[in-house]
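In case you want the letters, here they are:
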Protein chains: 2
Amino acid sequence: MAKDFTKRADNYSQWYNELVIKADLAENSAVRGCMVIKPYGYAIWEKMQAALDKMFKETGHQNAYFPLFIPKSFFTKEASHVEGFAKECAIVTHYRLKTDENGKIVVDETAKLEEELIVRPTSETIIWDTYRNWIQSYRDLPILVNQWANVVRWEMRTRLFLRTAEFLWQEGHTAHATQEEALVETRKMLDVYATFAEQFMAVPVLKGIKTANERFAGAIETFCIEALMQDGKALQAGTSHFLGQNFAKAFDVKFLTKENKQEYVWATSWGVSTRLMGALVMAHSDDNGLVLPPKLAPIQVVIVPIYKNDEQLAEISVKAEAIKKAIEAKGISVKYDNRDTYKPGWKFAEYEFKGVPLRLAIGPRDMEEGTIEVARRDTMEKAIYQQIDIENKVEHLLDSIQSNLYQKALNFRDMSTYKVDSWAEFKDAIENKGGFVLAHWDGTTETELKIKEETKATIRTIPLNNPKENGKCIFSGKPSTQRVVFAKAY
Amino acid sequence: MAKDFTKRADNYSQWYNELVIKADLAENSAVRGCMVIKPYGYAIWEKMQAALDKMFKETGHQNAYFPLFIPKSFFTKEASHVEGFAKECAIVTHYRLKTDENGKIVVDETAKLEEELIVRPTSETIIWDTYRNWIQSYRDLPILVNQWANVVRWEMRTRLFLRTAEFLWQEGHTAHATQEEALVETRKMLDVYATFAEQFMAVPVLKGIKTANERFAGAIETFCIEALMQDGKALQAGTSHFLGQNFAKAFDVKFLTKENKQEYVWATSWGVSTRLMGALVMAHSDDNGLVLPPKLAPIQVVIVPIYKNDEQLAEISVKAEAIKKAIEAKGISVKYDNRDTYKPGWKFAEYEFKGVPLRLAIGPRDMEEGTIEVARRDTMEKAIYQQIDIENKVEHLLDSIQSNLYQKALNFRDMSTYKVDSWAEFKDAIENKGGFVLAHWDGTTETELKIKEETKATIRTIPLNNPKENGKCIFSGKPSTQRVVFAKAY
């Protein structure tokens with residue numbers, strides 16, 4: 001499998017595309033830009049969902065479900081939102097097909113909708129139209145709701161997980177009585193995302209705000225987490241928006257305060273998507289295939305028997321099943337692959353490619369000596385352990401792999417972060433080194449866009465608690481009080 | 001809340017509509033036929049999903065995700081499927097909006113799709129188009145895949161949960177090497193659905209097959225579970241289809257057998273939807289509001305303090321929190337409602353209306369005497385228990401409520417099932433009694449449709465293991481070998 005598999009150094013982009021397909025994560029469908037998420041890929045997404053959903057609920061949120069379709073007119077109600085979202089989208093115009101005189105199935109022109117429906121690219125508008133009826137007084141606040149859903153944005157250039165016309169995501173939409181409370185919520189969910197990225201995905205992230213130019217259409221402030229991929233490109237992994245009263249005003253959502261006054265409601269929204277699957281793959285995987293952090297691996301441990309005949313297999317299977325049971329009792333997912341249709345070498349390559357964190361192998365000599373071979377996917381190291389205490393070793397090893405992957409990614413990011421003070425240094429870093437480039441910027445969108453035009457680098461974020469430092473904009477030379485994070489990005 | 005709430009006997013249909021909205025389960029949205037599932041309703045759906053998903057995985061299935069959109073031409077490939085599904089549907093024709101000369105947002109006519117996309121009404125076509133690439137040899141079979149998704153059918157008359165343009169569901173799509181294996185799968189999933197309906201929803205169901213006329217478009221045989229609602233109308237609660245080789249032939253999906261021959265693959269599909277929410281509400285609820293079976297209730301136990309001053313509340317809260325903790329340790333969900341903004345009487349009415357299975361109340365006298373008042377929602381009975389052993393009582397009481405609801409629904413169904421042998425008896429039963437009517441039928445679609453035209457009754461199912469019995473069709477008088485189940489249906 002790994003034989004005809006492109007190496008990262010040869011063509012990182014092709015390596016990614018091949019890996020996603022060959023590891024059975026996803027594939028392109030017959031519908032332009034829409035992907036099929038295959039069972040192995042979906043099992044990882046389910047683990048992500050479960051971890052996030054638990055964190056959302058622990059922070060007081062409930063799930064709900066809002067319509068797939070949004071009336072066209074809703075988008076026009078929030079002026080900047082329509083600019084950002086109602087352009088490249090899937091538009092439903094008719095509701096019936098018919099068989100024509102030639103027996104062909106065609107659109108029935110008599111079944112034209114009075115108002116076109118947009119397949120949701122994001123749900124602020126339909127949700128705030130709904131909240132108007134849910135909110136009368138301060139007693140109805142806060143509303144802390146999340147939705148797991150599919151959304152559609154008609155992207156022209158698509159790549160599996162990273163940019164697809166349809167993708168899966170969650171979108172939180174909360175309503176608050178005060179600005180302070182909404183801001184606390186925005187930051188709280190940013191922290192939830194950062195914790196998830198670091199503790200489950202083993203991906204270190206920068207937390208910060210977006211510049212005005214990169215802000216969500218309709219937001220007052222967009223907070224984000226930014227991760228660094230192995231090719232030195234940044235990936236926005238999650239955003240949390242403080243929406244102020246923009247949507248409340250657009251959809252006329254007011255509430256009666258304790259003081260008996262009518263006021264507009266304060267809003268936040270926040271989301272992560274199947275894009276995280278792309279980040280997960282690109283952060284850790286290598287030239288031998290996927291590398292999955294144990295907390296998100298569908299199969300955490302695989303046991304492979306090595307045998308010459310049925311008798312040996314039978315004997316090994318008894319031991320392997322006992323070990324499987326002991327490990328599973330610790331809440332660890334284990335697969336015992338005793339298929340006779342494939343050889344051990346094929347199985348080793350298969351699970352290595354699929355990123356299974358730990359592989360255990362038992363052969364005839366192990367049976368004699370009470371041993372078992374353990375191979376970890378992250379370091380590719382092998383060791384011989386005693387069967388008798390393998391279940392305790394496994395738990396410890398999985399923790400070790402989880403933290404090693406995080407540390408490795410953190411080291412890489414540290415090594416790939418550059419401070420530059422001149423335009424020449426900046427261009428050199430962006431063009432030849434990649435990574436996060438910390439540089440002074442004059443704070444204008446004009447400069448930001450010019451830098452993007454010349455180098456393709458964008459301001460990924462202005463980090464939270466960014467140290468103040470006087471300097472000069474690397475492009476315009478105008479004064480600046482802090483460095484911001486530039487990078488090329490996915 | 002229950003004051004201005006319609007009684008079942010006065011107007012069952014209105015009772016249902018009001019209940020769904022007033023109990024915060026769902027509401028109509030601004031988009032015709034599409035519903036908003038509110039947090040309380042969605043929490044029940046999540047419990048349904050979790051239970052079903054566990055059963056699917058225990059029977060060897062994996063989840064995956066396929067595109068929302070289906071190219072129009074795909075529907076024409078399976079002749080009977082197109083008749084059933086590609087007519088009333090949401091059709092995407094364009095992919096861009098623009099601002100016109102008057103500043104209005106309009107569809108950009110230059111962005112017309114070459115081939116229209118249908119928002120999936122069901123996914124057989126796109127999935128079998130995908131399976132063609134997944135299946136080469138017998139080694140690739142079986143494929144046991146399920147998808148949790150939203151689907152759209154452009155219904156003209158909609159009712160919350162029972163019939164909506166967009167709804168949530170799961171659809172299993174499996175591929176097999178032999179007819180026998182596909183038939184075993186079809187029946188296995190029917191059993192999963194029946195077990196779920198009876199053990200979780202506490203709704204007894206009839207298992208059987210559909211007549212040719214009621215069969216899924218594209219299926220060889222449709223198996224179903226049929227439930228009876230309190231108004232004597234039937235509700236199809238789930239279907240499992242044996243699709244033969246119809247979709248394999250339509251999408252050219254062949255495999256190499258062990259004997260090195262090319263053969264078409266055998267298929268099944270099976271699904272349940274948010275319609276189950278409607279069945280759940282209509283099967284158990286009463287004139288005081290929702291009645292939820294404990295296994296699907298988001299809040300299984302609520303504790304309400306009764307107090308006159310802050311001091312009493314503080315004292316009661318210590319006890320209540322301890323009881324809550326003890327009950328939660330048994331995996332039971334408990335809410336302690338110590339809100340001072342609402343009076344105990346209001347809370348009692350609220351949780352009664354929301355169908356919380358058990359309500360515990362603690363007042364000052366209970367504190368003195370070490371007692372606690374327990375009220376069960378199903379029978380509305382109250383009893384005084386000792387605080388000291390309440391956690392054990394609660395567990396037992398929840399089991400008791402779960403089985404009582406099932407037994408009550410079963411008794412109702414038994415009382416509402418009629419054997420009739422003449423057309424006069426049949427019409428009387430259908431028009432005046434309701435319920436399941438067991439009658440002889442001549443086996444023709446012609447008779448079936450005429451009976452439907454005259455009485456609105458349809459053949460709900462031909463039960464599995466139906467006893468053979470010679471008789472005469474109640475409509476045509478022609479010979480018949482078995483009774484089938486007629487009813488008016490949702």
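What counts, and where the lines are drawn
Residues numbered from 1 in each chain as written. Chains lettered and ligands numbered in written order. Predicted model: local features only at pLDDT ≥ 70, side-chain atom pairs only at ≥ 80, totals over all residues. Helix = DSSP H or I, 4+ residues; strand = E, 2+ residues; numbered from the N terminus. Buried ≥ 20, exposed ≤ 12 C-beta atoms within 10 Å, placed from the backbone. Contact = placed C-beta atoms within 7 Å. Pairing = 2+ DSSP bridges. Domains from an automatic or database assignment. Axes fitted to C-alpha atoms, helices over the stretch in contact; angles between N-to-C directions. Nonpolar A, V, L, I, M, F, W, Y, C, P; charged D, E, K, R; others polar. Least-squares fit on C-alpha atoms with pLDDT ≥ 70 in both. Expected span 1.5 Å × (residues − 1). Arc of directions from axis to C-beta. pLDDT = per-residue confidence, 0-100.

### Quick notes on the overall build of chain A
Looking only at helices and strands, chain A features 14 helices and 26 strands. Burial statistics for chain A: of 490 residues in total, 49% are counted as buried. A fraction of 67% describes how many contacts in chain A between residues 6 or more apart in sequence connect residues 24 or more apart.

### Here we look at unusual backbone geometry
Cis geometry marks the peptide bond from Leu141 of chain A to Pro142 of chain A; its omega dihedral reads -5°. The phi torsion at Phe161 of chain B lies on the positive side, around 70°, for a residue other than glycine.

### A few points about the environment of Gly271 of chain A
Residue and element names in this part refer to chain A. Relative to the elements of secondary structure, Gly271 occurs in strand β15 (residues 266-273). The sequence separation of Gly271 and Asn146 amounts to 125 residues, and the corresponding C-alpha distance is 9.1 Å. With residues up to four places along the chain from it excluded, the contact list for Gly271 reads Trp169, Gln170, Glu171, Gly172 and Thr239.

### A word on the pairing of strand β23 (residues 458-463) of chain A
Residues and elements named next belong to chain A. Bridge count between strand β10 (residues 206-209) and β23: 2 bridges; the pairing is antiparallel. Within β23, the residue paired with Ile209 across the bridge is Ile462. Relative to strand β26 (residues 483-487), β23 runs antiparallel, the two being bridged by 3 bridges. Directly across from Thr458, in β26, lies its bridge partner Ala487.

### What about the domain arrangement of chain A?
Splitting chain A by domain gives domain 1 (12-284), domain 2 (297-401) and domain 3 (417-487). Placing a centre on the C-alpha atoms of domain 1 of chain A and another on those of domain 2 of chain A gives a separation of 40 Å.

### Some details on the sheet that holds strand β17 (residues 334-336) of chain B
All names here are of chain B. Pairing is mixed in the open sheet, where 5 strands are placed in the order β17-β16-β18-β19-β20. Strand pairing shows two members of the sheet lacking a second neighbour, β17 and β20 (382-386), which therefore form its edges. Put simply, the sheet's adjacent strands are angled 25° from each other on average, direction ignored. Relative to strand β18 (residues 358-362), strand β16 (residues 301-305) runs parallel, the two sharing 5 bridges. Bridge pairing in β18 places Val301 opposite Leu358. Packing against the sheet, helix α9 (residues 310-328) makes contact with β16, β17 and β18, and its axis sits at approximately 170° to β16.

### Some remarks on the sheet that holds strand β23 (residues 458-463) of chain B
Residue and element names in this part refer to chain B. The strand order across the open sheet built from 11 strands is β3-β8-β9-β15-β12-β11-β10-β23-β26-β22-β21, with neighbouring strands paired in mixed fashion. Since the sheet does not close on itself, it has two edges, and those belong to β3 (62-63) and β21 (417-419), each with one partner. Across 2 bridges, the pairing between β3 and strand β8 (residues 143-152) is parallel. Residue pairing across strands places Gln62 opposite Val145, the latter belonging to β8.

### A short note on the interface of chain B and chain A
The partner chain A presents 52 residues to the 52 residues of chain B that form the contact. It is strand β5 (residues 88-99) of chain B that contributes the most residues to the side of chain B that touches chain A, 10 residues altogether. Of the residues that constitute the side of chain B that touches chain A, the class distribution is 33 nonpolar, 9 polar and 10 charged. Here strand β5 (residues 88-99) of chain A runs beside β5 of chain B; their pairing, made up of 5 bridges, is antiparallel. Looking across to β5 of chain B, one finds that His94 of chain A is bridged to Ile91 of chain B.

### Some thoughts on the environment of Arg365 of chain A
Residues and elements named next belong to chain A. Structurally, Arg365 is set in helix α11 (residues 364-369). Assessed through the 10 C-beta atoms surrounding it within 10 Å, Arg365 is described here as exposed. Separated by 179 residues in sequence, Arg365 and Thr186 place their C-alpha atoms 58 Å apart.

### Re the relation of the copies chain B and chain A
Once chain B is rotated about the relating axis by 180° and shifted along it by 0.0 Å, it coincides with chain A to within an RMSD of 0.0 Å. One copy is carried onto the other by what is essentially a two-fold rotation axis. In terms of proximity to the rotation axis, the leading residue of chain B is Val92 of chain B, whose C-alpha is 2.1 Å off the axis.

### Observations regarding the environment of Thr174 of chain A
All names here are of chain A. Counting through the fold element by element, Thr174 comes out in strand β9 (residues 166-176). Sequence separation between Thr174 and Val291 is 117 residues, and the spatial gap between their C-alpha atoms is 36 Å. With residues up to four places along the chain from it excluded, the contact list for Thr174 reads Pro142, Ile143, Leu144, Val145, Glu185, Ala267 and Thr268.

### Examining helix α2 (residues 39-58) of chain A
All names here are of chain A. Under the 1.5 Å per step criterion, the end-to-end length of α2 is 28 Å for 20 residues, consistent within 8% with the ideal 28 Å. Among the residues of α2, those classed as buried are Gly41, Tyr42, Ile44, Trp45, Met48, Leu52 and Phe56. An end-on view of α2 places all buried positions within 150° of arc, on one side of the element. Along α2, exposed side chains directed more than 90 degrees from the buried face belong to Ala50, Lys54 and Glu58. Within two residues after α2, Gly60 carries a phi angle of roughly 90°, on the positive side.

### Quick word on the confidence of the model for chain A
With 99% of its residues at a pLDDT of 70 or more, chain A shows a mean pLDDT of 96. At the level of chain-chain contacts, confidence expressed as ipTM amounts to 0.96, with global pTM at 0.97.

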